[in-house]
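Architecture and fold: a report
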Amino acid sequence: MQINISKHEGAVRMSLQGRFDFNAHREFRGSYDAVINDAEVREVEVDLGGVDYLDSSALGMLLLLKERAAAAHKTVALSNCRGMVAQVLEVANFNKLFNIK
Amino acid sequence: MHERLKVLVVDDAEENVTLLCRFVERMGHDVVVARDGQQALDLFQAEAPDMVLMDVMMPVMNGFEATSRIKALPGRRWVPVIMLTALAQDTDLAAGLEAGADDYLTKPINMVVLQAKVKAMQRIARLQSRLAEQNEELARYHDQAEEERLIGCHIMERITATRGLDDALLRYRIFPAAQFSGDLVAAARTPGNVLHVMLADATGHGLSAALNVMPLTQVFYSMTEKGFSLASITDELNHKIKSMMPSGRFVAATLVAVNAREGVMEVWNGGTPEALFMDADGRIVRSWKSKHLPLGILSKGEFDPQPEVFQHDQPGQLFLCSDGLSEAEDVQGQQLGQDSVVRTLAAVPPQSRFDHLLQALHEHLGGRQAHDDVSMIMVDFAKDPADVAAAQAVAPVGSLSRGKPGEWRFHASIGTDQLKQLDVVPLMLNVIEQIEHMRAHISPIFLIVSELYTNALDHGLLHLDSGMKSEPGGFDQYMEQRHERLQELDDGSIELSLEQVEIGGQPLLRIWMKDSGAGFDHSAVMQRDIAGNRQAYGRGVALIRSLSQQVEYRGSGNEVTVLYSLAGAKPG
C-alpha cells in the first residue's frame, strides 16, 4: 500500500492507495508516527479514496491511530470512503468513532 | 582459507597425474589418485574428498559418467568437481557441465588458473555448508512450531467447548481459513431454558485471532449457565475484550437469546452481517443489521449492550453468519454475496436449508478454501408455552442428600438503583448454587424466582399491564413502556429471601418476596393467564403454581410466599 502525505494549515492528509490489510501495518504506522509527533498538526485526515480493499486488521490500525492521536490532542477524520471501504465501515459502525467525511 | 583439503585426482595418463599431484601438494593439500571413472567412484565413497579433479577420456568409465554418478550419491555435503578437458573442445565442456561438473580446466593445466579455481570452489563450498546448516536449523524450528500448533489445537478444543452446540434446535459450521479459526460459535441454555447463541469474528485470522475469542467462551458459558440476561453477558464480553486485548483488537459478534416459552427473541449485533429470521415460506420476517461497534472498543458506560427484542408466534429460523460467507470467492474471484445466501436458504423447506447452503458454498468455492474464516449457525424457532422441560429438577448422580432445615437463610434487599442495573436473579441464585444439595433444583427455582421477580418489578413497581403483551403490536409497546418506566423509577425496592425449612417432616424451600408497590390483583392476573393459554403452565403465576407446592399472596398482593419441595428430584 502506498501512502502520500500532504500538509496544510495544521492539518495533515494521509492518502492511501491500494490494499489496506495486515501487510500495510508497518507502512501505516511509520507514516503516522511522524505526523503524531508534529506539534503543529491538529487534525489527521485519512483519505481512503484510493483504497480498493479494507479488512478488520485495517480497522484495528485506524483504532490505534485514533488512540495515539487522542493522546497527542489531535483529531482523526476519514474521507472519500467508497464502495467496499464504505460498506465495511458501515457494518462496523465506525461512524460512531470517527468523523467520516 | 588455509584449510587443508583432500583432493581426488582422476586421470589415466601418468604424466597428468604426476603434474596434478605436484600442483595440488604445492598448494598445501593432500591427494588421492584414481585411474578411471570406476576407481573414482569407489575412492570418492571411501575417502570422502573435499574436491575432485576429473579427466574426461578414461577406460572402464569416462569422466562424464563418473561425475554424474558422484553427483547422484546421497549426502548433504557439496563436493565441487572440476573437469579437465582437452583444449577448446566445446562439446566436452558442455557435456561436462551437463553431467554435473561445477567448473572446467583446459589442458595443459596451468598452475595459476588451477589455484584460482580451487580457491573459488572453496568459497562456494563454504556458502553451501552454511546453507545446509541453516536448513537444518529451519527444520528444527518447523518441528517445534508443529508441536506447539498441535498443543494449541488441543487446548482450543477444550476451551471452546461445544457441548451447548449439540442442541437439537441448532445447525452450525465453521470453515477456518487457517489452522486456527478467528471465528467462534457458541450456544448454551439458561436455567430457565432460554437458548443463548453467540457468533463471534475476531480481527484477522489464525492463532492471534483465535486467542482473541478464547476469553469469550468462558464468560458466555458460565454467565448463561447462571441465568444472566443477554444484555449482562454482552456487557461483560465487551469489558473483557476491552481490558484483556491490546488496542486495535476487537471482536465483531452477534448474540441471541431465544425464549421459546414466551415466543421472544433478543438480538444484539455489533459488526457482523445482518442476522435474519426466515419463516417457513422463505420470507424474511425480521432482520437485524449491525447497530453497534464490535466488542472491545468502547469502555463500560459508553458501550450499549441492550439487544433488540422481537416477539413472534409463528415458527421460523434464525440465521447468523460471519462475513467470510458472503465474501467467499469462486475461481474467477466473484463473491458469493448476501443476496445469494438468502436466495439459497429461501429456495428449500426449512429442514433442508442449512445443508442446501453448505452445498451451494461448496460449489461456489469449487473445492478451494475460502480466504477468510467462514462460520454460520441456524436456530429453529417455535413458540412453545409448555417449554419448561429443563425445569424438572434433575438429581446429580448418587446424591439424594437433603441437608437439615434451618441450616441456612438468604435475604437480599434490592434498592432502586440496583433494580435498574443488576441482573438480580442470577446473582442471588449463584449463592444458592454453592449449597450442594440445592444444585439439583436450580432450574425450577430459577424459574420460580424469575417469575416472582418479574411480577414484582413489572406489575408491583412499574404498573405494567401484561395483557398488553398478547395484543397485536402490544409486545413492543410493553417493552418500550417497561424500559421508560424503569428509567423513571425513583423510589422502589424488592426484598427477597430464600430459606430451607421443614414442614410436616418434609424439606422445603421457602421463597419470600415483597415489593414496595401498592400490590396487584393477583387473582385477576391468574384468571387472565389461564384464559390466555390453552396450557396454563406457561405463564406467570400459573407457572409458579405448577412448579411449587404452595403459593400464598398476602396483603395487597405485594407480598408472596412460595413453598417448593426439596423432597426428591427426578433422576437425570
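For the structure itself, consult the block above.
First, a word on what this report is: a plain description of the structure on this page. (Residues numbered from 1 in each chain as written. Chains lettered and ligands numbered in written order. Predicted model: local features only at pLDDT ≥ 70, side-chain atom pairs only at ≥ 80, totals over all residues.)

1. Some thoughts on the overall build of chain B
The helix and strand tally for chain B stands at 16 helices and 22 strands. What you see for chain B is a C-alpha radius of gyration of 39 Å, clearly larger than the 25 Å of a compact globule of 572 residues, by over 25%. Of all intrachain contacts in chain B linking residues separated by at least 6 positions in sequence, the fraction that spans at least 24 positions is 67%. (Helix = DSSP H or I, 4+ residues; strand = E, 2+ residues; numbered from the N terminus. Rg over C-alpha atoms; globule rule 2.2 N^0.38 Å. Contact = placed C-beta atoms within 7 Å.)

2. Brief notes about the interface of chain A and chain B
Facing the 13 residues of chain A at the interface are 13 residues of chain B. Of all the elements, helix α2 (residues 56–71) of chain A adds the most residues to the side of chain A that touches chain B, at seven residues. Grouping the constituent residues of the side of chain A that touches chain B by class yields seven nonpolar, four polar and two charged. (Nonpolar A, V, L, I, M, F, W, Y, C, P; charged D, E, K, R; others polar.)

3. Topic: the nonpolar core
Residues and elements named next belong to chain B. A200, F220, V251, V258, L318 and F319 are the most contacted members of the largest nonpolar core, which has 88 residues in total. Ignoring anything within four residues of it in the chain, the contact list for V258 reads V194, L195, M265, V379 and F381. Core analysis: the next-biggest nonpolar cluster, separate from the first, contains 34 residues, Y453, A456, L509 and A542 among them. (Core = buried A, V, L, I, M, F, W, Y, C linked by C-beta atoms within 7 Å. Buried ≥ 20, exposed ≤ 12 C-beta atoms within 10 Å, placed from the backbone.)

4. Quick look at the packing of helix α13 (residues 442–461) of chain B against helix α16 (residues 540–547) of chain B
Residue and element names in this part refer to chain B. At a closest axis distance of 9 Å, the pairing of α13 and α16 adopts a crossing angle of 150°. Relative to α16, the element α13 lies roughly antiparallel. The handedness of the crossing between α13 and α16 comes out as left-handed. Seen from α13, the contacting residues are P444, L447, I448, E451, L452 and N455; seen from α16, they are G540, L543, I544 and L547. In terms of residue class, the contact of α13 with α16 is made up of seven nonpolar, two polar and one charged. (Axes fitted to C-alpha atoms, helices over the stretch in contact; angles between N-to-C directions. Parallel < 35°, antiparallel > 145°, perpendicular 65-115°, else oblique. Left-handed = near helix turned anticlockwise from the far one by under 90°.)

5. Section: the sheet that holds strand β12 (residues 284–288) of chain B
All names here are of chain B. With antiparallel pairing, the five strands of this open sheet are ordered in space as β6-β15-β14-β11-β12. On the outer flanks of this sheet lie β6 (170–175) and β12, each paired with one strand and no other. Direction aside, the axes of adjacent strands within the sheet are offset by 15° on average. Two elements, β6 and strand β15 (residues 374–381), share six bridges in a ladder whose sense is antiparallel. Residue R173 lies in a different strand from β15, and its bridge partner there is M376. (Pairing = 2+ DSSP bridges.)

6. Describing unusual backbone geometry
Residues and elements named next belong to chain B. In the segment running from K107 into P108, the intervening peptide bond is cis, with an omega of 0°. Of note, the phi angle at V60 is positive, near 65°, even though the residue is not glycine. Secondary-structure assignment places V60 in the loop between β3 (51–55) and α3 (63–72). The phi torsion at N193 lies on the positive side, around 70°, for a residue other than glycine.

7. Topic: the sheet that holds strand β4 (residues 81–85) of chain B
All names here are of chain B. One open sheet accounts for five strands, arranged β2-β1-β3-β4-β5; its pairing is parallel. Looking at which strands have only one partner, the edges of the open sheet turn out to be β2 (30–34) and β5 (103–106). Taken over all neighbouring pairs, the strand axes of this sheet differ in orientation by 20° on average, direction set aside. Relative to β5, β4 runs parallel, the two sharing four bridges. Across the sheet, residue L84 finds its bridge partner in β5, namely L105. Against the sheet, α3 makes contact with β1 (6–10), β3 and β4, and its axis sits at roughly 155° relative to β3, the strand it touches most. Together, β4 and β5 form the strand contacts of helix α4 (residues 90–99), whose direction differs from that of β4 by roughly 165°.

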